[in-house]
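Report on the structure
Here's the letter readout for the chains.
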There are 2 protein chains.
Amino acid sequence: MRTVAHPEQSHHDRAWEVVRRHLPVTPVVTSPQLGRHVSLKIETFQPTGSFKVRGGLAAVAATRDSTPGREVVAASAGNHGLGLAYAGAALGVKVTVIVPRLASAAKVSALRQFDVRLILHGEGYSEAEAHALELASATGSGFVSPYNDPDVIAGQGTLARELLEQVPSLGTVVVPVGGGGLVAGVALALAGTDVRVIGVESEASPAMSAAVAAGTVVPIAVEPTLADGLAGNLEAGAITVDIARHEKVEILTVSEADIRSTMAYAAHKMGLVLEGAGAVGVAAVRAGLITPDQSGRQTLVLLTGRNVAPALFEEVLHA
Amino acid sequence: MRTVAHPEQSHHDRAWEVVRRHLPVTPVVTSPQLGRHVSLKIETFQPTGSFKVRGGLAAVAATRDSTPGREVVAASAGNHGLGLAYAGAALGVKVTVIVPRLASAAKVSALRQFDVRLILHGEGYSEAEAHALELASATGSGFVSPYNDPDVIAGQGTLARELLEQVPSLGTVVVPVGGGGLVAGVALALAGTDVRVIGVESEASPAMSAAVAAGTVVPIAVEPTLADGLAGNLEAGAITVDIARHEKVEILTVSEADIRSTMAYAAHKMGLVLEGAGAVGVAAVRAGLITPDQSGRQTLVLLTGRNVAPALFEEVLHA
């Protein structure tokens, strides 16, 4: 089991500095069709199409600052890899991404637009991750987990710091949950406020709710899900579990049918392409799982990503 | 030929007041993938999915203020009708929309969500419009043209007034052109600045460029186009032609292939659903028709609407 430090103030400060320098402030829009006090933060406008570039920049900046010249290695078939690739290009740090063979051609081609080293290895994510850890150890590079990393968590948390500036009457934030990097970062950034943090996971992959209930990471069965960006077991000892427990994050789950119908709804009624992982927050609101703030404060739903394979998107629209 | 007054300061003032009270300020985002100094204003986040609700609110507010109790009538198979329906509900004014029989079921069903009187009449827009004019005359209701109306033009112009507040270094605005209500409103709102206004029309329906070249409205052949929201001949004497000429609006045209590929690009690379009419500005940038501002000021492209029939959207994605 890797020992991973919890984020401290210095992590948050560096993350904020690098994110403000390299990323836009993504817009917040009201969404009367979802409810009178519902707003959306549109992370799909990030340059990589997902919020993960926040954590990528924070982690790469940390590597650069602690050990100039050190390279970064990670395993990803999607948004984490894109975020690190973008960050490496922006900060002048060499990045290697281990891509499992089952990664979609669309995602590999999106990665190739950056000056990044790609290695195809293993069938699924866990083999790719094992190889990334070996490679990091063999070469002295810095391994960056997609969620079990204090800089990544601090980077994702910059989203909530933006929210505090953008939404004066913030009451609740609704956050997609997979490994928990985003929900942990958001909860830490909002610690000390009375803003409620609600995590939403796919019922096909309820790793975080199982871990929070058990008090520790427990193995779960992962079923296929449209929210592939949220799917998978958690790393043993993942600090995101401790943070979610300590910050009293509530976790809800949504069904595949909810995710599918929300992706179509987002396209037809909101004009937005959402990947499955990016749609779970809206799915929870549409399913009536989130009761509005009684005081009239805003319920802010994070739309976290838009990177869905074109064929899958068409199939979801057509169903 | 109807005689229509040009917008005066009082039209602009009332339009701004009612738009600020009832509509959100739509976001502006940078778009490095389209060019270093390209930004987008996302009117697809308007409550009706298109900018036309600005003009609808301005026209309904004018009717309410000049003759309390007077009803409003219009012909529309799409965004203009939705804008008026929204405005009627917001301002407590009865609205009747004459819908041509060829209007898509999706658009009629979108209209039905509002408390609006719908009359199906005529095959296409011109028969519906003739009926709307007769009805207005017979009942003493106010007819609201989708573009040849000083309040509608002033309402659409509120978009440019927002831009001046949102984009300090505004150099060029790229505007879809059909009847020219938006481009006329934008050009008037930017008169006295040195911001360049570029209109983009569909080559299948080049009514405005023909009229600007001839100095008066001339009949054109209208071919089928994905930008159905921009298609059709202009009303004789349309004031938008005078305004476009006087304000020296440049008009470009884009092809069906450009519009189609841009709708797919917007979905897959920007995460946005755009109707054909809403995509022509980005299509012009992608086709290399718009040279960047040499001084490094922003080129702002208006994404005007997202209301595309689901089956057509799927077909465009699949092609």
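Values in this document were obtained by computation on a predicted structure and should not be read as measured data.

Turning our attention to the overall build of chain A. Check the secondary structure of chain A and you find twelve helices and ten strands. Radius of gyration (C-alpha) of chain A: 18 Å, near the 20 Å computed for a compact globule of 319 residues. Over its C-alpha atoms, taken along the principal directions, chain A stretches across nearly 55 × 45 × 40 Å. The proportion of buried residues among the 319 residues of chain A is 60%. Considering only contacts in chain A between residues 6 or more positions apart, those separated by 24 or more positions represent 71%. Put simply, chain A shows about 12,100 Å² of open surface, and 52% of that area lies on carbon and sulfur atoms.

Before going further, it helps to examine the sheet that holds strand S3 (residues 72-75) of chain B. Residue and element names in this part refer to chain B. The strand order across the open sheet formed by four strands is S5-S4-S3-S6, and the pairing between neighbours is parallel. A single partner strand is all that each edge strand has here, and the edge strands are strand S5 (117-120) and strand S6 (142-143). As judged from the four bridges shared by strand S4 (residues 95-99) and S5, these two strands associate in the parallel manner. The residue of S5 that forms the bridge with Val 97 is Leu 118.

A word on the pairing of strand S10 (residues 298-303) of chain B. Residue and element names in this part refer to chain B. Summarising burial for S10: six of the six residues are buried, a large majority. Where strand S2 (residues 38-42) and S10 come together, five bridges link them in parallel fashion. Within the sheet, the bridge partner assigned to Lys 41 lies in S10 and is Leu 302. As paired strands, strand S7 (residues 170-176) and S10 are joined by four bridges and run parallel to one another. Across the sheet, the residue bridging to Val 173 is Leu 300, located in S10.

Moving on, we come to the interface of chain A and chain B. At the junction of the two partners, chain A supplies 17 residues and chain B supplies 17 residues. With both chains or domains summed, chain A and chain B bury close to 1,700 Å², and 63% of this area falls on carbon and sulfur atoms. For chain A, the biggest contributors to the area lost against chain B are Phe 45, Arg 306 and Glu 314 of chain A; these three give 29% of the whole. Scanning the region where chain A abuts chain B turns up zero salt bridges. Taken together, the links from chain A to chain B amount to six residue pairs in polar contact (both at pLDDT 80 or more). Of all the elements in the fold, those that place two or more residues in the side of chain A that touches chain B are helix H10 (256-270) and helix H12 (310-318) of chain A. Here the side of chain A that touches chain B takes five residues from H12 of chain A, the largest share from any one element. The residue makeup of the side of chain A that touches chain B, split by class, is eleven nonpolar, three polar and three charged.

With that settled, consider the pattern of salt bridges. Residues and elements named next belong to chain A. Under the criterion given, the structure shown has 26 salt bridges over all chains. Ionic pairing is found between Lys 107 and Asp 228, a salt bridge with its closest N-O pair at 3.2 Å. Placement of the pair is Lys 107 in helix H4 (residues 105-112) and Asp 228 in the loop between helix H8 (207-214) and helix H9 (239-246), with a sequence separation of 121 residues. By relative accessible area, Lys 107 is classed as buried at 17%. A cluster of three or more residues bridged by salt bridges with shared partners is formed by Arg 20, Lys 41, Glu 43, Arg 54 and Glu 162.

So, on to the packing of helix H2 (residues 52-66) of chain B against helix H6 (residues 150-166) of chain B. All names here are of chain B. Between H2 and H6, whose axes approach to 7 Å, the crossing angle comes to 130°. Between H2 and H6, the crossing angle belongs to the class labelled oblique. The crossing of H2 and H6 is right-handed. Contact residues: H2 offers Lys 52, Arg 54, Gly 55, Ala 58, Ala 59 and Ala 62, while H6 offers Asp 151, Val 152, Gly 155, Gln 156, Thr 158, Leu 159 and Glu 162. Grouping the amino acids of the contact of H2 with H6 by side-chain chemistry returns five nonpolar, four polar and four charged.

Let us now look at the sheet that holds strand S9 (residues 250-254) of chain A. Paired through backbone hydrogen bonds, the strands of a sheet run either parallel or antiparallel to each other. Residues and elements named next belong to chain A. Spatial strand order, S1-S2-S10-S7-S8-S9: six strands in an open sheet with mixed pairing. On the outer flanks of this sheet lie strand S1 (28-30) and S9, each paired with one strand and no other. Sheet twist, expressed as the mean angle between neighbouring strand axes with direction ignored, is 25°. Across five bridges, the pairing between strand S7 (residues 170-176) and strand S8 (residues 196-202) is parallel. Bridging from a neighbouring strand, Val 173 pairs with Val 197 of S8. Where helix H6 (residues 150-166) meets the sheet, its contacts fall on S1, strand S2 (38-42), S7 and strand S10 (298-303), and the angle it forms with S2 comes to roughly 130°.

Moving on to the relation of the copies chain A and chain B. Put simply, the second copy of the chain is the first one after a rotation about an axis and a shift along it. When chain A is brought onto chain B, the operation consists of a screw motion whose angular component is 180° and whose axial shift is 0.0 Å, with 0.0 Å RMSD remaining. Such a combination of turn and shift is consistent with a two-fold rotation axis. Taking the C-alpha atom as reference, chain A places Leu 272 of chain A closest to the rotation axis, 2.4 Å from it. Same-surface contact between copies: 100% of interface residues of chain A are shared with the interface of chain B.

Our focus in this paragraph is the packing of aromatic side chains. Each aromatic ring pair is described using two quantities: the centre-to-centre distance and the angle formed by the ring planes. A complete count under the given rule lists four aromatic pairs over all chains for this structure. Measuring from centroid to centroid gives 6.4 Å for Phe 313 of chain A and Phe 313 of chain B, while their planes differ by 80°, and the two rings are edge-to-face. Pair noted here: Phe 313 of chain A is in helix H12 and Phe 313 of chain B is in helix H12 (residues 310-318), and the two residues belong to different chains. Phe 313 of chain B matches Phe 313 of chain A in its accessibility class, with the two residues each being buried. For the cation-ring pair, Arg 20 of chain B lies above Trp 16 of chain B, with the distance from its terminal atom to the ring centre recorded as 5.0 Å.

Residue and element names in this part refer to chain B. With 13 residues, helix H3 (residues 79-91) should reach 18 Å at 1.5 Å per residue; the first-to-last C-alpha distance of 18 Å fits that figure. Most of H3 sits out of view: eleven of its 13 residues are buried. Turning to H3, its buried residues number three or more, namely Asn 79, His 80, Gly 81, Leu 82, Gly 83, Leu 84, Ala 85, Tyr 86, Ala 87, Gly 88 and Leu 91.

On to the side chain of Thr 172 of chain B. Residues and elements named next belong to chain B. Examined against the element boundaries, Thr 172 turns out to sit in strand S7. Looking at Thr 172, the relative accessible area reads 0%, which means it is buried. The contacts of Thr 172, once residues within four sequence positions are left out, are Val 195, Arg 196, Ile 198, Asp 293, Gln 298, Thr 299 and Leu 300.

Turning to unusual backbone geometry, a few remarks are in order. A negative phi angle characterises most non-glycine residues, just as the trans form characterises most peptide bonds. Residue and element names in this part refer to chain A. Although it is not a glycine, Lys 248 sits at a positive phi angle of roughly 55°. If you trace the backbone, Lys 248 turns up in the loop between H9 and S9. According to the relative accessible area criterion, Lys 248 is exposed, its value standing at 67%.

So, how was this worked out
Residues numbered from 1 in each chain as written. Chains lettered and ligands numbered in written order. Predicted model: local features only at pLDDT ≥ 70, side-chain atom pairs only at ≥ 80, totals over all residues. Heavy atoms only, no water. Helix = DSSP H or I, 4+ residues; strand = E, 2+ residues; numbered from the N terminus. Rg over C-alpha atoms; globule rule 2.2 N^0.38 Å. Buried < 20%, exposed > 50% of the residue type's maximum accessible area, 1.4 Å probe, protein only. Contact = heavy atoms within 4.5 Å. Areas by Shrake-Rupley, 256 points an atom, 1.4 Å probe, with all protein chains shown as cover. Pairing = 2+ DSSP bridges. Buried area = accessible area lost by both parts, 1.4 Å probe. Salt bridge = Lys/Arg side-chain N within 4 Å of Asp/Glu carboxyl O. Polar contact = N/O pair within 3.5 Å; in protein donor to acceptor, adjacent residues only side chain to side chain. Nonpolar A, V, L, I, M, F, W, Y, C, P; charged D, E, K, R; others polar. Axes fitted to C-alpha atoms, helices over the stretch in contact; angles between N-to-C directions. Parallel < 35°, antiparallel > 145°, perpendicular 65-115°, else oblique. Left-handed = near helix turned anticlockwise from the far one by under 90°. Least-squares fit on C-alpha atoms with pLDDT ≥ 70 in both. Phe/Tyr/Trp six-rings, centres within 6.5 Å; stacked < 30°, edge-to-face > 60°. Lys NZ or Arg CZ within 6 Å of the ring centre and 35° of its normal. Expected span 1.5 Å × (residues − 1).

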